[in-house]
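What follows is each chain in one-letter form.
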Amino acid sequence: MGAFVISKRYNDEYKFVFTSRKGKVVFTSLSYELKFECEEDIEKFKATIGLADFLKFKSSSGKFYFKLMLEGNHFATSRKYTTSLRLQKGIDEIVRYGANSEVLDFSGNDFIFSD
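Residues numbered from 1 in each chain as written. Predicted model: local features only at pLDDT ≥ 70, side-chain atom pairs only at ≥ 80, totals over all residues. Heavy atoms only, no water.

Peer 1: Tell me what's going on with the overall build of the chain, and back it up with residues and numbers.
Peer 2: The helix and strand tally for the chain stands at 2 helices and 8 strands. Listed by position from the N terminus, the elements making up the chain come as β-β-β-α-β-β-β-α-β-β. Along the first, second and third principal axes, the C-alpha atoms of the chain reach 40 × 30 × 30 Å. By residue count, 42% of the 115 residues in the chain fall in the buried class. (Helix = DSSP H or I, 4+ residues; strand = E, 2+ residues; numbered from the N terminus. Buried < 20%, exposed > 50% of the residue type's maximum accessible area, 1.4 Å probe, protein only.)

Here's what the structure looks like:
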């Protein structure tokens with residue numbers, strides 16, 4: 001099962017990533033000024049995952065990626081994939097495991113694990 005991992009960016013803003021069962025980053029969220037905003041958006045996403053849209057793109061270097069849209073707003077951007085099949089497998093993993101994935105908080109000195 002995947003996990004949402006909250007951490008801090010270098011500019012002290014918060015972000016989260018969704019990691020696959022194998023620990024690879026599938027997508028990275030936008031930045032959040034406050035940690036509770038990050039936590040709220042994770043819970044909102046988990047509750048409404050069936051309404052998410054995945055817009056697929058191909059970069060100028062030939063890599064595939066998607067933008068995750070929630071309620072018409074850009075929510076997160078995926079990592080780059082070498083093939084469209086791998087891209088689809090990443091999307092499938094989010095749809096299959098996202099709603100039940102745990103949240104790991106690595107944003108401070110103490111690590112907090114929650115379901």
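Peer 1: So what's going on with the pattern of salt bridges? Residues and values would help.
Peer 2: A complete count under the given rule lists 3 salt bridges for this structure. With a shortest N-O distance of 3.3 Å, Arg21 and Glu93 are connected by a salt bridge. With Arg21 in the loop between strand E2 (14-19) and strand E3 (25-29) and Glu93 in helix H2 (residues 84-97), this pair connects stretches of sequence that are 72 residues apart. A salt bridge links Lys35 to Asp105; its shortest N-O distance comes to 2.8 Å. With Lys35 in helix H1 (residues 35-47) and Asp105 in strand E7 (residues 102-105), this residue pair connects regions lying 70 residues apart in the sequence. (Salt bridge = Lys/Arg side-chain N within 4 Å of Asp/Glu carboxyl O.)

Peer 1: Before we move on, can you summarise the side chain of Lys15 with the specific residues and values?
Peer 2: Along the chain, Lys15 falls in strand E2. Among buried Asp, Glu, Lys and Arg side chains, Lys15 stands out as unpaired, with Glu13 the closest opposite charge at 11 Å. Ignoring any residue separated from it by four or fewer positions in sequence, one finds Lys15 in contact with Val5, Ile6, Ser7, Arg9, Thr28, Ser29, Leu30, Tyr32 and Cys38. (Lys, Arg positive; Asp, Glu negative; His and termini not counted. Contact = heavy atoms within 4.5 Å.)

Peer 1: So what's going on with a positive patch on the surface? Which residues, and what values?
Peer 2: On the surface, Lys22, Lys24, Arg79, Arg86 and Lys89 cluster together into a positively charged patch. In this structure, Lys22 sits in the loop between E2 and E3. Its relative accessible area of 77% is what places Lys22 among the exposed residues. (Patch = residues over 30% accessible without salt bridge, like charges linked within 9 Å, V, L, I, M, F, W, Y side chains within 5 Å. Areas by Shrake-Rupley, 256 points an atom, 1.4 Å probe, with all protein chains shown as cover. Charge placed at Lys NZ, Arg CZ, Asp CG, Glu CD.)

Peer 1: Please give an account of unusual backbone geometry that cites residues and values.
Peer 2: One non-glycine residue, Asp12, adopts positive backbone phi at about 70°. Mapped onto the fold, Asp12 is located in the loop between strand E1 (3-8) and E2. Phi at Glu71 takes a positive value of approximately 55°, unusual for a residue other than glycine. Tracing the chain through its elements places Glu71 in the loop between strand E5 (64-70) and strand E6 (73-78). You can call Glu71 exposed: its relative accessible area is 53%.

Peer 1: Explain the environment of Lys67 residue by residue, including any values.
Peer 2: Tracing the chain through its elements places Lys67 in strand E5. By relative accessible area, which is 29% here, Lys67 ends up partly exposed. In the structure, Lys67 is positioned 11 residues away from Ser78 in sequence and 6.3 Å away in space, judged by C-alpha atoms. The contact partners of Lys67, leaving out residues within four places of it in the chain, are Asp53, Phe54, Leu55, Phe57, His74, Ala76 and Thr77.

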